[in-house]
Structures are given as structure tokens and as C-alpha cells.
Amino acid sequence: MKITVAGKIKEYDDGITVAKLVELENVETPEYVTVTINDEFVESHDFENTTVKDGDTVEFLYFMGGGQA
Amino acid sequence: MAFTNEQLERYSRHIILKEVGAKGQKKLSQAKVLIIGAGGLGAPAALYLAAAGVGTIGIVDADEVDLSNLQRQVIHSTADIGKPKVQSAKETMEAINPDVTVNTYHTFVTSGNVLDLIKDYDFILDGTDNFPAKFLINDACVMAKKPFSHAGIIRFKGQLMTYVPGQGPCYRCVFKNPPPKDAVPTCKQAGVIGAMGGVIGSLQAMEAVKYIVGAGDLLTGYLLTFDALKMEWHKVKLPSDTSKCAVCGDHPTITELVDYEQAECDMKK
């Protein structure tokens, strides 16, 4: 199936979970990433039981501190 | 207030823009913007807002200028080392534009002072380097119904979003709670390319100016990210349902400001 991950079209096996996608996409600090699918939040405790479907748009949003000192 | 001939010349490139005009420039001269953090993000933002003729600019920062700041904090000079950042920033801004009134607050933001700091300002820029301050500024702006620009930078990456009360998600809608201390790398630990502050801090100034003059679309409901190594921008649409947010939602569970444990970039060597 084809899904859009962080703006890029990617090919993944059907039925992939958010947890697996986080792993395969080498998400940095996966415990603290915010995930959205089709502009809706996926709670982190649902990563294991949420599957990504063909045509879905997945985004990873990262904590970014930095800037002052 | 009428512009002097000198002001008409100084702001001529603004006034000629149909989105700004004399009317917009007048709004800028009457506007009050608070910049929290006079560092990598706040430095370029403060320079552009002063140059733009924003009438009153407040700057909050508890630190003094350090040699390691000068690789990116372009508002400070070598001669400013040891000086409070707010003082150094004020001097540079006033040298650029004597029209601007600069208010300095040589302090950290805390749950005890943040509401008082933001109350007289029209727009807030979060240029802080740590998550406790970012959540505190978000929550205070939500509670006081103040628009603000969030930004963060690390390594070769940066991000920003704009919160306007009632017009989209707040920072806590997206990020829920601060990560535990040291769980997410800081600039001090991971480094940051100097020009990133210029890129993202300038965009924060851009959002403030657009908000004041009412031009175009703000980054409300979006997180804009930039990867300098790939030279890629990505504008992520954020979920529009804010009803469940702990601070800006329909039934907020956070009704008082919280001082989380500090884990900032600027822990001294």
C-alpha cells in the first residue's frame, strides 16, 4: 500500500501498526513523538493497536527546544 | 500620529507594500510585542521587529552574554560578553531604530511572573530554549488569551507554529506534556547551526508583523518544519479538534500555571 509519511509517498505492507512505522522510519526519541494520521492525533498508548491504511497521511511531530542560550 | 519625513523614508519599503501601507506601519508603531529569550531565536526576531518599527518591544532573559552565544545570537557583540542579554539587546535595537521603546526584564519566566509580563503585550514570541518555559508560555497565553509564536531549533532543524486564541490548536494540544529532563536533546547537548536561529527567529518576527498588520495567513493550525541539511520545508496540518486539550480544550484540567523542572540548554559548563 502507499501512504504519505512526513510529506513523502512511501510503500509499506498492509496492516502496519503505528508502532512499527515509528520503528521503520527511525523516529528519534519515539517515546516522545506526536503522531497524526489524516490530521488526527494518535495517542501514544494506541501506537501498537492502530494500523495505517492505504492512502493515509502520517506525520511525526517532534519536541524541539533550543533557541535561547 | 503622523509620520515624520524621516520615518516615511525609514519605512518606505513597508509603506509601499499594499499589505502594510501607512495604515499598517502605524499599527506597527502602536503595537507591543514581547520576546521571551534573547538568544538564538529572540536575537534575530528582536532585530527585525525593531527595524520594522514595532513601537514597544519587551525582552525577557535572565542570562548574561557568553562567548559561546556569539556563533548565533547576532544581536550581541564580543564587547557585550558579561552584560545582561536584555541590556545588550536593548542597546543594539535602539541603535538600529530610535523610534522603538525597549522594555527589559532581566529575569526567568516563572508561574509567578509570566501573566504579569505578557499582560500589556499584543503578541508574544517564545524564543526560549527549554520545555518548562515553552509549556509555561503556552499555558499563560491560553489563559490570558494572547496570541504567540512557538519555535524551536536544534542541529540543522527548526520548527514554528502560531497560536491565536480560538483559531486553532495550542502547543499543548500537540505536545501534551514536557518530556522528562534530558529525554530530548537540547542545543547545548546536540548543537545548533547558527543560521537556524536567523531562519526561524525571522519567521517568528514575520508572524508577529503579519498578525499586527493583518496580512495573509498565519501559521495557526500548522506546524512548519525546516530541515537545512535537506533544504526541505514541511507544513504539517495540525488536528483542528482542540476540545480535549488539557489547557485550551472544552474542559481544561490545567487551570493554574505549572513550573516544571528546568532542563534548559544553558546549563553552565
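Scroll up to find the structure this text is about.
None of these values were measured; they are calculated from a predicted model.

(A) Seen up close, the interface of chain A and chain B. On the side of chain B, 50 residues touch chain A, which itself brings 22 residues to the contact. Regarding the contact of chain A and chain B, the summed buried area is about 2600 Å², with carbon and sulfur atoms giving 60% of it. Here chain A and chain B share two salt bridges between them. With a shortest N-O distance of 3.0 Å, glutamate 28 of chain A and arginine 155 of chain B are connected by a salt bridge. Linking chain A to chain B there are six residue pairs in polar contact (both at pLDDT 80 or more). Mapped by element, the contributors of at least two residues to the side of chain A that touches chain B are strand E3 (34-37), strand E4 (40-42) and strand E5 (57-61) of chain A. Looking at the side of chain A that touches chain B residue by residue, the classes come out as eight nonpolar, eight polar and six charged.

(B) Main features of the sheet that holds strand E2 (residues 8-11) of chain A. Residues and elements named next belong to chain A. Spatially, the five strands line up as an open sheet ordered E2-E1-E5-E3-E4, and their pairing is mixed. The open sheet has two edge strands with one neighbour each: E2 and E4. Between one strand and the next, the sheet's axes are offset by a mean angle of 35°, whatever the strand orientation. Direction of pairing for E3 relative to E4: antiparallel, over a ladder of three bridges. In the sheet register, isoleucine 37 faces E4, and the bridge partner there is glutamate 40.

(C) Just the pattern of salt bridges, in detail. Residue and element names in this part refer to chain B. Counted according to the given criterion, the structure contains 14 salt bridges over all chains. Residue lysine 134 pairs with aspartate 126 through a salt bridge whose shortest N-O separation is 3.3 Å. Each member of the pair lysine 134 and aspartate 126 is classed as buried.

(D) Quick peek at unusual backbone geometry. Residue and element names in this part refer to chain B. The backbone of arginine 155 sits at a positive phi, close to 50°, despite the residue not being glycine. Mapped onto the fold, arginine 155 is located in the loop between strand E5 (148-154) and strand E6 (157-163). At methionine 231, a position not held by glycine, the phi torsion is positive, near 50°. For methionine 231, the position within the fold is in the loop between strand E7 (222-227) and strand E8 (232-237). By relative accessible area, methionine 231 is classed as exposed at 60%.

(E) The arrangement of helix H5 (residues 85-96) of chain B in detail. All names here are of chain B. With twelve residues, H5 should cover 16 Å at 1.5 Å per step; its first-to-last C-alpha distance of 17 Å lies within 8% of that length. What H5 keeps buried is the set Lys85, Val86, Ser88, Ala89 and Met93. All buried residues of H5 fall inside an arc of 160° around its axis, so they share one side. Next to the buried residues of H5 lie helix H4 (42-51), strand E2 (56-60) and strand E3 (101-105).

(F) Just a nonpolar patch on the surface, in detail. Residues and elements named next belong to chain B. On the surface, a nonpolar cluster with roughly 270 Å² of combined accessible area is contributed by Phe156, Ile193 and Leu229. If you trace the backbone, leucine 229 turns up in the loop between E7 and E8. Of the residues examined, leucine 229 reaches a relative accessible area of 63% and is grouped as exposed.

(G) Geometry of the layout of surface pockets. The volume enclosed by the largest pocket comes to roughly 920 Å³. Around the largest pocket sit 33 residues that line it, and Ala6 and Tyr62 of chain A together with Lys157, Asp227 and Lys230 of chain B are the ones nearest its centre. For the lining of the largest pocket, the elements supplying multiple residues, two or more each, are E2 and E5 of chain A together with E6, E7 and E8 of chain B. When grouped by side-chain class, the residues that make up the lining of the largest pocket number 17 nonpolar, six polar and ten charged.

Definitions and limits used
- Residues numbered from 1 in each chain as written.
- Chains lettered and ligands numbered in written order.
- Predicted model: local features only at pLDDT ≥ 70, side-chain atom pairs only at ≥ 80, totals over all residues.
- Heavy atoms only, no water.
- Contact = heavy atoms within 4.5 Å.
- Buried area = accessible area lost by both parts, 1.4 Å probe.
- Salt bridge = Lys/Arg side-chain N within 4 Å of Asp/Glu carboxyl O.
- Polar contact = N/O pair within 3.5 Å; in protein donor to acceptor, adjacent residues only side chain to side chain.
- Helix = DSSP H or I, 4+ residues; strand = E, 2+ residues; numbered from the N terminus.
- Nonpolar A, V, L, I, M, F, W, Y, C, P; charged D, E, K, R; others polar.
- Pairing = 2+ DSSP bridges.
- Axes fitted to C-alpha atoms, helices over the stretch in contact; angles between N-to-C directions.
- Buried < 20%, exposed > 50% of the residue type's maximum accessible area, 1.4 Å probe, protein only.
- Expected span 1.5 Å × (residues − 1).
- Arc of directions from axis to C-beta.
- Patch = residues over 30% accessible without salt bridge, like charges linked within 9 Å, V, L, I, M, F, W, Y side chains within 5 Å.
- Areas by Shrake-Rupley, 256 points an atom, 1.4 Å probe, with all protein chains shown as cover.
- 1 Å grid on protein atoms, 1.4 Å probe; cavity = no way out; pocket = protein on both sides within 12 Å on 5 of 7 lines; lining within 4 Å.
- Points joined across faces, edges and corners; volume = space filled by probe spheres on them.

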